[in-house]
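# Reading the structure
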Amino acid sequence: MEEQKISVWGSVRFWRNTAVWVTGFAVLLLIWLSLDTIPQISAGTIEDLENGVTKRVPSAAVINYEIGYELDNKRKTEIPIIGGKQMFFGRNDYSEEEATELVSHGKMTVQSKNCMNCHTLLGNGAYYAPDLTKSWLDPAWSETGPYRPMTGKATTEEAMAEFLQHPNKYPTHARMMPDLGITPDEAIAVVAFLKHMSSIDTNGFPRNFNKIKGAVNAK
Amino acid sequence: MLSRVMNVQYESQKLAINYFQVALILFGAQLLFGLTTAIQYLYPQFLFGIIDFSVGRMVHLNAMIVWLLYAMIGSVYWLLPDETGIETVGIKIGRLLFYILTLAVTIVVVVYLVVQVGPGNAMSRWLIHEGREYIEAPRWADIGIVVVVLGFLGNVFATAFKGKRTGIVTVLMIDLLALAGLYLAGMFYTKNVSVDQFWWWWVIHLWVEATWEVYVAAVIGYGLIKTIGANRKIIEMWIWIEVAMLFGSGILGIGHHYFWIGTPEYWLEIGALFSALEPVPLLGMFVHVIYDWGKQAGKRTPMTNTPAFSWFVVTTFGNFLGAGVWGFMHTLPQINLYTHGTQWTAAHGHLAFYGAYVAALIGMMYIGLQGKYGLKEMRMTASAKWGITLLTGGVLGMTMALTIAGYVQTFIERGQWGATWQGYFVGQNSPWMIQAYGWRLAMGVVTILGFVFLMKDMMTIARTAQRENLKTESTATATA
Ligand code: HEM
Ligand code: HEM
Ligand SMILES: [Fe+2]
């Protein structure tokens, strides 16, 4: 038959077998890497936080702590630093269960209100509004930033919660955030979710987060 | 005689036409909501509080995903009898599932537009939407989709086992099974946002950069055999090479989405390496189509369906440019660290989806149209030319505008301002950004014009072709 004379490079069977082997190998490698990754991105525990064990995704109880984002000399990227205890809506003794429930309620609210179709979370979503990955640490919400005084609140968490409930009252730009009917409880939960998200080790994204402010605002 | 009756003998192909029709309606909806959101970029008060950006964007994206899936299912129902030589098994159930799916899609869209948002609890996720980009469909609809797709797969498998199982059908069977299975990875709630996005990318990335790509490789293979009489043996060999290259690079290429979501550092290397290889098969597909075209031109055999073939040429260019080149431009972590989640991403997303999937599936619809009226030959009409030119030009124009916006945003917001809240708005306020958004809007309008021509053409091209064919027949008899 003619088939026999064709070199392997022109043989359908050869390429079909190649396709099967290559695909099988890629799938197995992906599964193996996923089995390694999932435990690494599963949330840590409250004990980890107490003992200073770093996790890529810390326990939700991280809302009891101060969070920083600093250049790490070894990795040469910015990484989240978990500092001392810090009040969050007047408390710093959220138990693991309480904190986990709160952050989860926040995440459900973020999903129900469709935040991701204007903002990005961990850089994924829409580009109509600022990235929320490290919004908890954003200087705009700090003591000196423009938004906290605008809401007349004393702390970052209260200022953010107030803004979330009444975005119409605090237009930060012509492109306003709509009123999504976020309740006071939901607002607290969303802020807890955002605080927790800022403690995730994102390999240095976003880069240079507010590091060159002085150079830009050379007042 | 000019006839408007369907000339299709297979029920499967009649059903395919119905799938194409709903797909085109949803394509129109997609463009409409793209328009409202593009206007909001420039005039934020437009429809504010009525159809907010988030709502319009959700409809824009979901209409796109759903219409592409409709067109994909339709194309399979079209080619299945041709390939297997028999009527599709279980076609009655297939038709019933079509009506169920269409009803479900209608309800989902109405709820998106009317209810829009719900309270932060599980009920919202089950009944309104899931709030996860691209796969927002509420859980009840997810389950419905799984049932419908299982039925569809059942039909395809039963038909392939009963009839002739060609290489094209074999690839499609395996690929559709994987495509459907992946959807399950997006169907559960998790409290952990990193774990959430990890699985979310299994659906999104492993769809568009693995299973959907293999799907179009197989379908374009069928299309080339149909339109220019390409050699089946060579086509099937090429498809297997494509499968090896696409899956070999695309599956682990998922790592380019695992740079910054909390996942370990080794993904930086894996993602960079494998996703950098992803353009290779796309270049291969491009070369293959051009090569076959050259061979066909040499043989001087008539091309039986010029509009379909033109769309296949657009898809090979567009896939290579939009996915291959625009994808490669931001796929290395050194660059992606700064471009991640900027207008860069949107530029790539538009050209890639259009080039890889929209163009290929419109090509299949033209094959369907030709078959529907039993035409031996179908040539480009003026509207077909306007449609393909304005649609492609419009999307290319939007992509260029968004690429400029992406550059400016990356420099100002990411480079200069360190990605802060204030930096974001300084970037957005830059006159260069605003100008780019203006061009995106203008080019969006061009795209919509192209769609209008396409629709007009799809409704009239068969008549035109019948008239032309009659004319040539009568001149042929006159000279004889
Ligand atoms: C009238 C034409 C169109 C206009 C005006 C338009 C406009 C838009 C706008 C404003 C967004 C939101 C981007 C953001 O979040 O900042 C968007 C997203 C998107 N559109 Fe379109 N669009 C159009 C046509 C298309 C077509 C033909 C496709 C492809 C089939 C497409 C695919 C997408 C995709 C994939 C996204 C998400 C991008 C991402 O998240 O990176 N659009 N579009
Ligand atoms: C037809 C095939 C493809 C389609 C339809 C497609 C579409 C998309 C879309 C819509 C996004 C945005 C996702 C989001 O909303 O966050 C995206 C992201 C991305 N794509 Fe593709 N893509 C394709 C192929 C490729 C290829 C071949 C490469 C690389 C060579 C690539 C590289 C990327 C990268 C790096 C991102 C992440 C962008 C970011 O960090 O924001 N894509 N793609
Ligand atoms: Fe990807």
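See above for the structure.
Throughout what follows, the structure given in this document is the object of discussion. (Residues numbered from 1 in each chain as written. Chains lettered and ligands numbered in written order. Predicted model: local features only at pLDDT ≥ 70, side-chain atom pairs only at ≥ 80, totals over all residues. Heavy atoms only, no water.)

### Brief notes about the interface of chain A and chain B
Selection criterion: Note on contacts: a residue pair is in contact if any heavy atoms of the two residues lie within 4.5 Å. Buried area adds together the accessible area that both of two parts lose upon being put together, with accessible area traced by a 1.4 Å probe. Any carboxyl oxygen of Asp or Glu that lies within 4 Å of a side-chain nitrogen of Lys or Arg is treated as forming a salt bridge with it.
In this assembly, 87 residues from chain A lie in contact with 83 residues from chain B. Counting the surface lost from both chain A and chain B, the interface buries some 7,500 Å², and carbon and sulfur atoms represent 64% of this. Taken together, the connections running from chain A to chain B amount to three salt bridges. A salt bridge links Glu101(A) to Lys191(B), with the shortest nitrogen-to-oxygen separation between them at 2.9 Å.

### Here's the deal with helix 6 (residues 156-165) of chain A
The cut-off we apply is this: Throughout this description, buried means an accessible area under 20% of the type-specific maximum (1.4 Å probe, protein chains only), exposed means over 50%, and partly exposed covers the range between. The secondary structure listing takes helices from DSSP runs of H or I that are at least 4 residues long and strands from runs of E that are at least 2 residues long, numbered from the N terminus.
In terms of burial, helix 6 of chain A is largely enclosed, as nine of its 10 residues are buried. The secondary structure elements touched by the buried residues of helix 6 of chain A are helix 5 (147-151) and helix 7 (184-197) of chain A.

### Description of the packing of aromatic side chains
Quick reminder of the rule: Only the six-membered ring of Trp is used, alongside the rings of Phe and Tyr, when aromatic pairs are assigned; centres must lie within 6.5 Å, and planes under 30 degrees apart are stacked while those over 60 apart are edge-to-face, with the rest tilted. To sit over a ring, a charge needs its Lys NZ or Arg CZ within 6 Å of the ring centre and within 35 degrees of the ring normal.
Applying the stated criterion across every chain yields a total of 47 aromatic pairs over all chains. Aromatic side chains Tyr128(A) and Phe53(B) sit 3.9 Å apart centroid to centroid with 0° between the ring planes, which places their arrangement in the stacked category. Remark: Phe53(B) occurs in helix 2 (residues 53-84) and Tyr128(A) occurs in the loop between strand 4 (124-125) and helix 5; the pair is interchain, linking two chains. Taking relative accessible area as the criterion, Tyr128(A) reaches 7% and is therefore assigned buried. The interplanar angle of 65° and the centroid separation of 5.2 Å between the aromatic rings of Phe98(B) and Tyr99(B) together place this pair among those described as edge-to-face. Among the aromatic residues, those joined into a ring-pair cluster are Tyr19(B), Tyr70(B), Tyr77(B), Phe98(B), Tyr99(B) and Phe152(B). Stacked on the ring of Tyr94(A), the Lys or Arg Arg91(A) has its end atom at 4.3 Å from the ring centre. Over the aromatic face of Tyr127(A) sits the side chain of Arg57(B), whose NZ or CZ is 5.7 Å from the ring centroid.

### Focus: the site of ligand 1
The criterion, for reference: Throughout, near means a residue has at least one heavy atom within 4 Å of the molecule or strand. Definition of a polar contact: a pair of N or O atoms within 3.5 Å, with one able to donate and the other able to accept a hydrogen when the atoms are protein atoms, and with sequence-neighbouring residues admitted only if both atoms are side-chain atoms. Just so you know the grouping, Ala, Val, Leu, Ile, Met, Phe, Trp, Tyr, Cys and Pro go in nonpolar, Asp, Glu, Lys and Arg go in charged, and all remaining residues, Gly too, go in polar.
Neighbouring ligand 1 are 27 residues; Tyr127(A), Tyr41(B), Arg57(B), His60(B) and His350(B) lie closest to it. Around ligand 1, the neighbouring residues derive from chains A and B rather than from a single chain. Tyr127(A) has a polar side-chain atom sitting 2.8 Å from an oxygen atom of ligand 1. Within the side chain of His60(B), an N or O atom sits 2.7 Å from a nitrogen atom of ligand 1. Elements with a contribution of two residues or more to the shell around ligand 1: helix 1 (11-42), helix 2, helix 13 (343-372) and helix 16 (431-479) of chain B. Of the residues forming the shell around ligand 1, the biggest block, seven residues, is contributed by helix 1 of chain B. A per-class count over the shell around ligand 1 returns 15 nonpolar, nine polar and three charged.

### Description of the coordination of the iron atom of ligand 2
Residue and element names in this part refer to chain B. Selection rule: Coordinating donors are taken to be N, O and S atoms lying within 2.8 Å of the metal, or within 3.2 Å when the metal is Na, K or Ca; because water is excluded from the atom set, some sites may appear incomplete.
Protein coordination of the iron atom of ligand 2 is limited to a single donor, His348 (NE2), positioned at 2.0 Å. In this structure, the iron atom of ligand 2 is positioned 4.3 Å from the iron ion (ligand 3). With respect to the element layout, His348 can be found in helix 13.

### Brief notes about the environment of Phe157(B)
Residues and elements named next belong to chain B. Topologically, Phe157 is positioned in helix 5 (residues 139-162). The sequence separation of Phe157 and Ile261 amounts to 104 residues, and the corresponding C-alpha distance is 38 Å. If near-sequence neighbours (up to four positions away) are discounted, Phe157 is found in contact with Met173 and Leu177.

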